[in-house]
Amino acid sequence: MAKAYERIADDLRRPIRAGQLKPGDRLPAESDLARRYGKSLPTIRQALGLLEAEGLILKRHGRGNFVRRPRKLVQRTNDRHQWEKDRARESFVQRSRTGATEHDTGLEIDDLIFYAAYREIKADEELAAAFGVPEGTAFLERTYRTRYRAETAPFTLVRSYLVRDMVAGNPDLLDDSKEPWPGGTQNQLYTVGIELGRIEERVTARPPTAEEAEELELPPGTAALILRKRSFDIDNRVVELSDVALPGDRTEMLFTTQLERW
């Protein structure tokens, strides 16, 4: 038999899913719900906590509980890398028309707000091992955030790493004011004579850190998808590494594998 808080959550869930309560609508105050259902405040809060964990409502401290606005779904496919490679040698005008985020979301450039910051770092043991270079090697660490203009949280949290000396032949690649770069990383590498031969991606899921949960605005109980991407050139040398945190409540990973016919 369902517990009291589960029955209350069911009753509140129905009008949200039926569209009778719209995104942004405020739910009755907790004290009003307690009187309506004849239950204690802790029971009401359990019910609301269940809806919050499902991503249906959002609690705003001091203001109440509101129906959560659906977030833009991002579908990340493994064909995006060939799509980016095909664009890498196109003209500036062609590359400026769209980017990887637009490709993943179906949005237009004007719908997006983009942020990038670069800094130089020295490779620690983990980063050096990932690239097969000595510890202390100079790297360019690049931080990216892109969000839908109608929302407040970015789609992903990205840290990308390049060996500084590998790209220093083009000074523009060391300058974050040149971002967003039409054609993305593959075109950036193309400007210094690097062609990608393969990309390796590993995806895991884990509870988000406090910082990830806050920045991605994750509902309680929502997992973060953690993607580590390593890009290899045609000589099998690691030339770029990205660590990407994706929100588990609004990211779809789609992998399509074409099989050879018998």
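Here's what I pulled together on the structure shown here. (Residues numbered from 1 in each chain as written. Predicted model: local features only at pLDDT ≥ 70, side-chain atom pairs only at ≥ 80, totals over all residues. Heavy atoms only, no water.)

A word on the layout of surface pockets
Stage number 1. In this structure, the largest pocket occupies an estimated 960 Å³ of space.
Stage number 2. Residue lining of the largest pocket: 43 residues in total, with Glu 84, Ala 100, Thr 101, Phe 114 and Gly 184 positioned closest to the centre.
Stage number 3. Per-element tally for the lining of the largest pocket: the top contributor is helix 6 (residues 100–105), with 5 residues.
Stage number 4. Here the residues of the lining of the largest pocket sort into 16 nonpolar, 16 polar and 11 charged. (1 Å grid on protein atoms, 1.4 Å probe; cavity = no way out; pocket = protein on both sides within 12 Å on 5 of 7 lines; lining within 4 Å. Points joined across faces, edges and corners; volume = space filled by probe spheres on them. Helix = DSSP H or I, 4+ residues; strand = E, 2+ residues; numbered from the N terminus. Nonpolar A, V, L, I, M, F, W, Y, C, P; charged D, E, K, R; others polar.)

A look at the nonpolar core
The tendency in soluble globular proteins is for nonpolar side chains to be buried side by side.
Stage number 1. Counting 30 residues, the largest nonpolar core has Leu 127, Phe 131, Phe 139, Tyr 161, Leu 189 and Val 239 as its most contacted members.
Stage number 2. Of all the secondary structure elements, the ones that give two or more residues to this core are strand 4 (112–122), helix 7 (125–131), strand 5 (138–148), strand 6 (157–163), helix 8 (164–167), strand 8 (224–233) and strand 9 (238–247).
Stage number 3. The element that contributes the greatest number of residues to this core is strand 9, accounting for 5 residues.
Stage number 4. If you look at the next biggest cluster of nonpolar residues, it comprises 15 residues, including Ile 16, Leu 27, Ala 47 and Leu 48. (Core = buried A, V, L, I, M, F, W, Y, C linked by side-chain atoms within 4.5 Å. Buried < 20%, exposed > 50% of the residue type's maximum accessible area, 1.4 Å probe, protein only.)

Considering the packing of aromatic side chains
Stage number 1. Scanning the model with the defined rule gives 2 aromatic pairs in all.
Stage number 2. Ring geometry for Phe 131 against Phe 139: centres 4.8 Å apart, planes inclined by 70°, an arrangement best described as edge-to-face. Here Phe 131 and Phe 139 have matching classes, each one buried.
Stage number 3. Looking at Arg 87, its charged tip hangs above the ring of Trp 83, at a distance of 4.6 Å from the centre.
Stage number 4. Stacked on the ring of Phe 232, the Lys or Arg Arg 198 has its end atom at 3.7 Å from the ring centre. (Phe/Tyr/Trp six-rings, centres within 6.5 Å; stacked < 30°, edge-to-face > 60°. Lys NZ or Arg CZ within 6 Å of the ring centre and 35° of its normal.)

Examining the environment of Thr 146
Stage number 1. Among the structural elements, Thr 146 can be located in strand 5.
Stage number 2. The class of Thr 146 is buried, set by a relative accessible area of 10%.
Stage number 3. For the pair Thr 146 and Thr 156, spaced 10 residues apart in sequence, the C-alpha separation works out to 7.1 Å.
Stage number 4. Residues in contact with Thr 146, not counting those within four places in the same chain, are Thr 101, Leu 112, Ile 113, Phe 114, Pro 154 and Phe 155. (Contact = heavy atoms within 4.5 Å.)

Let's talk about unusual backbone geometry
Stage number 1. Residue Pro 180 is bonded to the preceding Glu 179 through a cis peptide linkage, with omega at -5°.
Stage number 2. A positive phi angle, near 55°, is found at Glu 217, a position not held by glycine.
Stage number 3. On the secondary structure map, Glu 217 appears in the loop between helix 10 (210–216) and strand 8.
Stage number 4. Since its relative accessible area comes to 29%, Glu 217 is described here as partly exposed.
Stage number 5. Backbone geometry places Asn 236, a non-glycine residue, at a positive phi of 65°.

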